[in-house]
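Structural characterization, general
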Amino acid sequence: MSNSTLKYIGKRLVISLITLFVILMVLFLMVKFLPGSPINNEKLSASARAAIEAQYGLDQPIPVQFVRYIQNMLTGDFGVSFNLYKDMQVSSLVGSAAKLSMIYGLCAVIIGTVIGMFLGVFAALHKNTIWDTIATVISVIGVSIPSFVFAMLILFASKLRLLPTSYSSSNAIKSSIMPILALSVGVIANVARFTRTEMVSVLTSEYMTLAKAKGLDRKTLIFKHALRNALIPVITILGPILVNLMTGTMVVEKICSVPGLGKLLINSILSNDYNIILACSFLYAAMYIFMMLIIDISYGIIDPRIRLGKDD
């Protein structure tokens, strides 16, 4: 790996770490200024409430609490649940929920990307034909309709008893098929739309005309030249899509009774469980920043001109 590449990756990594620190500080302050209190038992006396706050360190100044939180976080300790799951470690709660959401999101992105790229390339190669129109209509429908609407198809599936409609740990694979398919529809539509647009632009560019004039075969033109250049905007949208699918599938998780991260975050907000809110929100931000970092690095690998331009 060249020095310019290492320098480029190092810069992106430092910027990502600084951004994460600022996000954590803002989240911590926002959580602390939320109305209400995590100690929301109305039967507690003032002295009992003060004793509990002292036990959890909530009586300390906010800067002291923030420094202590960072110190504990670096060791993997995100505190305990105040209300939702009394005194259970937040790291284990968020970890198990995030793992399931990540699996769902990753599967949906893989399925959606493969099908979407196929539709996009197919539509671009058959521009202004009936096949192009069909692919475009599918993309518009997928982008316009939220994933939870497609999840309503699960109700129809329950009538036919084709697949399980509720998540079951004893039958995890089969009970995950419908929610993953519902989540992948939006990915298919977005990837197909972007791939088609970029492929059409690349196929009509001057350097593609020159490549044809040099006698390159159709397969090489499409996969080695056209598709590679069309990948950059597709990679751009995949990062945010993946993070949103991993953390923003609350309605689908609710319909299918999936104990994922979105469901945990909503329940913690309703119960003022500060530590869970902070851990879930920070994890969401960390995943988003991480995906943006991967996208930036991918840019530099796919198109060295981007890396050189940012270095200058």
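Located above this text is the structure these notes cover.
This is a predicted model, so every value here is computed, not measured.

**Overview of the overall build of the protein**
A count of helical and extended segments in the protein gives 14 helices and 0 strands. Of the regular secondary structure in the protein, the N- to C-terminal order runs α-α-α-α-α-α-α-α-α-α-α-α-α-α. Per-residue burial for the protein yields a buried fraction of 41% across its 312 residues.

**Things to note about the packing of aromatic side chains**
Applying the stated criterion across every chain, the model contains 6 aromatic pairs. Ring pairs connect the aromatic residues F21, F28, F66, Y69 and F78, which therefore count as one cluster.

**A short note on the environment of S257**
Examined against the element boundaries, S257 turns out to sit in the loop between α11 (250-256) and α12 (261-270). Taking the C-alpha atoms as reference, S257 lies 8.5 Å from S168; in sequence the two are 89 residues apart. Leaving out residues up to four positions away in the same chain, S257 has contacts with S166 and Y167.

**Brief notes about a nonpolar patch on the surface**
The grouping of V14, I18, F21, V22, M25, V26, L29, M30 and F33 at the surface amounts to a nonpolar patch, some 830 Å² of accessible area in total. Among the secondary structure elements, V22 is positioned in helix α1 (residues 3-32).

**Quick look at the nonpolar core**
With 29 residues, the main nonpolar core has Y104, V109, L183, V191, M199, I241 and L245 as its most contacted residues. Counting only elements with at least two residues in this core, the list comes to α4 (90-125), α8 (172-203), α10 (218-247) and α11. Sorting elements by how many residues they give to this core places α10 first, with 10 residues. For I241, the contacting residues outside a window of four places in its chain are V109, V187 and N190.

**Re α12**
Considered for burial, the residues of α12 that qualify are L261, G262, L264 and S268. An end-on view of α12 places all buried positions within 160° of arc, on one side of the element. Within two residues after α12, N272 carries a phi angle of roughly 55°, on the positive side.

**A look at unusual backbone geometry**
For N128, which is not glycine, the phi dihedral falls at a positive 65°. With respect to the helices and strands, the residue N128 is situated in the loop between α4 and α5 (130-144). On the accessibility criterion, N128 (67% relative accessible area) is exposed. Unlike most non-glycine residues, N272 shows phi in positive territory, near 55°.

**Comments concerning the environment of V137**
Here V137 shows up in helix α5. Residues V137 and R193, 56 residues apart in the sequence, show an inter-C-alpha distance of 9.9 Å.

Cut-offs used in this document
- Residues numbered from 1 in each chain as written.
- Predicted model: local features only at pLDDT ≥ 70, side-chain atom pairs only at ≥ 80, totals over all residues.
- Heavy atoms only, no water.
- Helix = DSSP H or I, 4+ residues; strand = E, 2+ residues; numbered from the N terminus.
- Buried < 20%, exposed > 50% of the residue type's maximum accessible area, 1.4 Å probe, protein only.
- Phe/Tyr/Trp six-rings, centres within 6.5 Å; stacked < 30°, edge-to-face > 60°.
- Contact = heavy atoms within 4.5 Å.
- Patch = residues over 30% accessible without salt bridge, like charges linked within 9 Å, V, L, I, M, F, W, Y side chains within 5 Å.
- Areas by Shrake-Rupley, 256 points an atom, 1.4 Å probe, with all protein chains shown as cover.
- Salt bridge = Lys/Arg side-chain N within 4 Å of Asp/Glu carboxyl O.
- Core = buried A, V, L, I, M, F, W, Y, C linked by side-chain atoms within 4.5 Å.
- Arc of directions from axis to C-beta.

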